[in-house]
Amino acid sequence: MHLPTKVTIKEVGPRDGLQNESKFIETQDKVDWINLLSKTGLDYIEVSSFVHPKWIPQLADSEQVLKSINREKGVTYAALVPNIRGLERALTCNVNEVSVFMSASEGHNKSNINKTIDETFPVLKEVVDEALKANVKVRGYVSTVISCPYDGPVSPEQVLKVVDRLAEMGVYEISLGDTIGVGVPTQVESLLSTLLKHFPSNLFAMHFHDTRGTALANVVKSLEMGITTFDSSTGGLGGCPYAKGASGNVSTEDLLYMLSAMNIETGVNQEALIESAFFIEEKIGKKLVSKQMEIARNERSANVDNARTV
């Protein structure tokens with residue numbers, strides 16, 4: 001097994017995680033959580049989204065959050081932007097990087113963006129052009145790269161067409177999302193085999209949801225194929241509002257445990273990450289679903305019980 005020696009973890013919980021929570025998390029709690037994440041060794045945090053609050057009310061405070069966080073040296077603070085208006089709002093907050101997004105499947109793109117794929121490209125190009133003029137890097141998200149809740153299986157060639165257009169626009173990285181979390185390693189291999197014939201591996205990041213419990217297996221396959229950047233969410237927060245039963249992103253702490261045990265460097269401190277997870281778990285008011293959080297929760301409970309018996 002040929003594996004990289006170092007991997008970049010991009011934390012998307014404050015955006016991709018919280019946008020799927022029914023409960024609105026107070027602005028100061030978001031700020032405090034991001035400040036904790038900034039102390040873990042993560043060098044990339046997706047802070048919020050500038051999609052209109054009508055569509056994502058959970059992140060209606062994006063400007064205030066970005067203006068209030070403590071910015072650590074060496075950490076990129078990024079935000080999702082849907083269009084030129086969202087970009088304008090983001091730029092007033094000194095965002096370090098923005099992400100544009102679309103789907104590889106027509107059904108999901110129409111549901112998520114209310115446009116066809118062809119109609120989406122000009123909107124994103126305007127954002128990319130203006131962001132680059134402002135010296136702000138642009139990342140691209142491509143959703144439903146394995147399967148779509150509306151259209152079914154998505155071919156690698158279909159994904160390639162979208163990737164081609166985004167790469168032409170000048171995005172520096174493209175995050176490939178198994179949005180509904182149904183992918184398995186053979187499908188990941190087929191997808192990456194097609195894309196890597198045309199583009200270098202460092203153009204891509206992988207964004208796996210863990211609906212069927214295959215996210216970490218898909219990470220391993222991606223590692224084998226030369227991918228070294230992965231999106232994840234503390235506690236496995238997240239989901240897909242357009243796919244019933246779809247669960248959250250691969251957990252940052254579960255991903256970190258696996259990579260560390262495989263002697264792959266990340267620069268992230270597991271203990272500090274767990275502490276940040278306990279913080280947001282309390283604010284959300286429900287247990288986070290990651291394996292590492294379950295273990296940490298049991299250990300804390302055992303320590304309390306032991307203290308009572310001493």
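Look a little higher up for the structure.
Residues numbered from 1 in each chain as written. Predicted model: local features only at pLDDT ≥ 70, side-chain atom pairs only at ≥ 80, totals over all residues. Heavy atoms only, no water.

**Structural notes on the side chain of serine 48**
Argument step 1. Structurally, serine 48 can be placed in strand S2 (residues 44-49).
Argument step 2. The contacts of serine 48, once residues within four sequence positions are left out, are Arg15, Leu59, Ser62, Ala78, Ala79 and Leu80. (Helix = DSSP H or I, 4+ residues; strand = E, 2+ residues; numbered from the N terminus. Contact = heavy atoms within 4.5 Å.)

**Considering empty space enclosed by the protein**
Argument step 1. All told, the structure shown has one cavity of 30 Å³ or more when counted by the stated rule.
Argument step 2. In this model, the largest cavity occupies a volume close to 30 Å³.
Argument step 3. Taken together, Thr8, Ile9, Gly41, Leu42, Asp43, Thr266 and Val268 make up the lining of the largest cavity. (1 Å grid on protein atoms, 1.4 Å probe; cavity = no way out; pocket = protein on both sides within 12 Å on 5 of 7 lines; lining within 4 Å. Points joined across faces, edges and corners; volume = space filled by probe spheres on them.)

**Observations concerning the environment of isoleucine 146**
Argument step 1. Take isoleucine 146: it is sitting in the loop between strand S5 (137-143) and strand S6 (147-148).
Argument step 2. Distance from isoleucine 146 to leucine 191, taken between C-alpha atoms, is 7.9 Å for residues 45 residues apart in sequence.
Argument step 3. In this view, isoleucine 146 contacts Pro153, Val154, Asp178, Val182, Gly183, Gln187, Val188 and Leu191; residues no more than four positions away in its chain are not counted.

**Topic: the pairing of strand S8 (residues 173-178)**
Argument step 1. Among the six residues of S8, six are classified as buried, and the element is accordingly described as predominantly covered.
Argument step 2. Residue alternation in S8 divides its side chains into two sets, Glu173, Ser175 and Gly177 and Ile174, Leu176 and Asp178, and both sets are buried.
Argument step 3. Pairing between S5 and S8: four bridges, direction parallel. Across the sheet, residue arginine 139 finds its bridge partner in S8, namely glutamate 173.
Argument step 4. Across five bridges, the pairing between S8 and strand S9 (residues 204-208) is parallel. Its bridge partner being in S9, leucine 176 is matched across the sheet by methionine 206.
Argument step 5. Once you follow S8 into helix H8 (residues 185-195) and on to S9, the crossover reads as right-handed. (Buried < 20%, exposed > 50% of the residue type's maximum accessible area, 1.4 Å probe, protein only. Pairing = 2+ DSSP bridges. Right-handed = clockwise from strand over helix to strand, strands pointing away.)

**What to know about the packing of helix H6 (residues 117-133) against helix H7 (residues 156-169)**
Geometrically, a packed helix pair is captured by the angle between its two axes and the distance between the axes.
Argument step 1. Between H6 and H7, whose axes approach to 9 Å, the crossing angle comes to 25°. Regarding the angle of H6 to H7, the classification is roughly parallel. In the crossing of H6 with H7, the sense of the turn from one axis to the other is right-handed. Between H6 and H7, the contacting residues are Ile117, Phe121, Leu124, Lys125, Val128 and Leu132 on the first element and Val162, Arg165, Leu166 and Met169 on the second. (Axes fitted to C-alpha atoms, helices over the stretch in contact; angles between N-to-C directions. Parallel < 35°, antiparallel > 145°, perpendicular 65-115°, else oblique. Left-handed = near helix turned anticlockwise from the far one by under 90°.)

**Things to note about the packing of aromatic side chains**
Argument step 1. Tallied over the full model, the rule gives one aromatic pair.
Argument step 2. Judged by centre distance (6.2 Å) and plane angle (90°), the ring pair of phenylalanine 199 and phenylalanine 204 falls under edge-to-face. Both residues of the pair, phenylalanine 199 and phenylalanine 204, belong to the buried class.
Argument step 3. A cation over an aromatic ring shows up here: arginine 139 above the ring of tyrosine 141, its NZ or CZ 5.3 Å from the ring centre. (Phe/Tyr/Trp six-rings, centres within 6.5 Å; stacked < 30°, edge-to-face > 60°. Lys NZ or Arg CZ within 6 Å of the ring centre and 35° of its normal.)

**A word on unusual backbone geometry**
Argument step 1. Its identity as a non-glycine residue notwithstanding, asparagine 94 has a phi of 60°, on the positive side.
Argument step 2. Tracing the chain through its elements places asparagine 94 in the loop between helix H4 (84-91) and strand S4 (97-103).
Argument step 3. Despite not being glycine, asparagine 114 shows a phi value in the positive range, around 65°.
Argument step 4. Mapped onto the elements, asparagine 114 comes out in the loop between helix H5 (106-113) and H6.

**Concerning the pattern of salt bridges**
Argument step 1. The tally for this structure, following the rule as stated, stands at 17 salt bridges.
Argument step 2. Between arginine 85 and glutamate 88 there is a salt bridge, with its nearest N and O atoms 3.8 Å apart. Taken together, the residues arginine 85 and glutamate 88, both in helix H4 and three residues apart, mark about one turn of the helix.
Argument step 3. Exposure remark for glutamate 88: the relative accessible area of 43% places this residue in the partly exposed category.
Argument step 4. The network of salt bridges with common partners includes Lys10, Arg139, Glu173 and Asp231. (Salt bridge = Lys/Arg side-chain N within 4 Å of Asp/Glu carboxyl O.)

Any link to function would need more than the numbers given here.
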